[in-house]
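Architecture and fold: a report
Listed below are the residues making up each chain.
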Amino acid sequence: MVRTLPIACSSSLTVSAHNRTSLKSSSFCVNTNNNNSNSNNTCNPSRRLALFQIGTAIPQSQLFGGKASKLLRAEGNVIEASTSGNMAPTSTTVAEQNVLEWVKNDKRRMLHVVYRVGDLDKTIKYAYLLQFYTECLGMKLLRKRDIPEERYTNAFLGYGPEDSHFVVELTYNYGVDKYDIGSGFGHFGIAVEDVVKTVDLVKAKGGKVTREPGPVKGGNTVIAFIEDPDGYKFELLERGPTPEPLCQVMLRVGDLDRAINFYKKAFGMELLRKRDNPEYKYTIAMMGYGPEDKNAVLELTYNYGVSEYDKGNGYAQIAIGTDDVYKTAEAIKLCGGKITREPGPLPGINTKITACMDPDGWKSVFVDNIDLLKELE
């Protein structure tokens, strides 16, 4: 049965994504949430694709054939019924291509990776934490911010300014001593010129080494693994000089092809390379916005036969820059993603963001590029 949906012929049909979205503050703060509950602000990809705006409104003459008409739905197809009674299926392909093209042209960059740590402000723990990141890994403390009304503190560390480098954002939620890292999060990657020398330095500073230097399984790259004071793993990769030493975030997924497709379409990432290692029963896919030797990348790992992982509550998300959080949210919905925080400004900061969840339940946040630069000032 086909159900007729009456459509009023007025300019309200082409209202922009900005005006359709409520900007009321949400109790969910993407940088600080320390539980695994999901927002109810989720929705399926809209079939009324004519309402999605890519810079300009679609003229009603194109939508309705120049005269008043009715929009009908049947089996996922949009059917246009003119006053003459003739009906013809209108493909959604053009609208989808417009959305995906905008995503590809959006100015996106991996900004920072967010994870939670306990007791950030206790003098001894904080000093030890900073020593690990600054002395063992060679990072700099770039800035620190406290948001008492939201009861959290952030510390940003990295190898260069935030406006041009991928950085670490440590989050301390008031009163929370420790977090469960879970089995889904893998590690962060750090490119160093000499893995053995770096491991010796970590040991001298009292750091924990969980894998001694040696070639990676199934490859030739020399690696080692170490842990920070909260138990987060870092893979040291031996490489030549690079502008982006903080080079990887590894997450485990249950369906690699599904994950690749989502990050390509919804996030506009490229599949940089894919490697299967049947001897050790895993496959990896490197996703990102540029070559691995010059940009931070997302390393998706599929372990044969494992479809789900415990994500814990320690790792939070990756933040990605965008020119428009409202259009980004619409594109994610269209690609089957789940919006966990509708687009709008963060309380106490006024930086516009939107947050989403991938098919495996990993969260990401998109940050307005201009707002971020203002925040950094």
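Preceding block: the structure.
Residues numbered from 1 in each chain as written. Predicted model: local features only at pLDDT ≥ 70, side-chain atom pairs only at ≥ 80, totals over all residues. Heavy atoms only, no water.

Overview of the environment of Gly348
To be explicit about the condition: The helix count covers DSSP runs of H or I at least four residues long, the strand count covers runs of E at least two residues long, and both are numbered beginning at the N terminus.
Within the element layout of this structure, Gly348 appears in the loop between strand 18 (338–345) and strand 19 (352–357). C-alpha separation for the pair Gly348 and Glu149, spaced 199 residues apart in sequence, amounts to 7.7 Å.

A closer look at the sheet that holds strand 14 (residues 270–277)
Where we set the bar: Two strands make a pair as long as DSSP finds a minimum of two bridges between them. The axes are straight lines fitted to the C-alpha atoms, using for helices just the contacting stretch, and the angles between their N-to-C directions are given from 0 to 180°. The contact criterion used is simple: two residues touch if any of their non-hydrogen atoms lie within 4.5 Å.
Pairing is mixed across the open sheet formed by eight strands, whose spatial order is 10-11-12-9-13-16-15-14. A single partner strand is all that each edge strand has here, and the edge strands are strand 10 (208–215) and strand 14. Each adjacent strand pair in this sheet contributes to an overall mean axis angle of 20°, direction not counted. With seven bridges joining them, strand 14 and strand 15 (residues 282–288) adopt antiparallel strand pairing. Across the sheet, Asn277 pairs through a bridge with Tyr282, a residue of strand 15. Most of the contacts of helix 5 (residues 195–204) go to strand 10, to which it runs at about 165°, and overall it touches strand 9 (185–192), strand 10, strand 11 (222–227) and strand 12 (233–238). Its contacts with the sheet put helix 6 (residues 256–265) on strand 14, strand 15 and strand 16 (297–303), and the angle it makes with strand 15 is roughly 0°.

Thoughts on unusual backbone geometry
For the record, the criterion: Relative accessibility under 20% of the residue-type maximum defines a buried residue, over 50% an exposed one, and the middle range a partly exposed one, all with a 1.4 Å probe and only protein chains included.
The phi torsion at Arg151 lies on the positive side, around 60°, for a residue other than glycine. Judged by relative accessible area, which is 48%, Arg151 ranks as partly exposed. Positive phi, normally seen in glycine, also occurs at Asn350, with a value near 70°. Following the sequence through the fold, Asn350 ends up in the loop between strand 18 and strand 19. You can call Asn350 exposed: its relative accessible area is 58%.

Focus on the side chain of Glu169
Heads up, the rule is: Under the rule applied, a polar contact is a pair of N or O atoms within 3.5 Å (in protein, one hydrogen donor and one hydrogen acceptor; residues adjacent in sequence only if both atoms are side-chain atoms).
Positionally, Glu169 belongs in strand 8 (residues 167–173). Its relative accessible area of 0% is what places Glu169 among the buried residues. Within the structure, Glu169 has its side chain in polar contact with the side chain of Asn154 (distance 3.2 Å).

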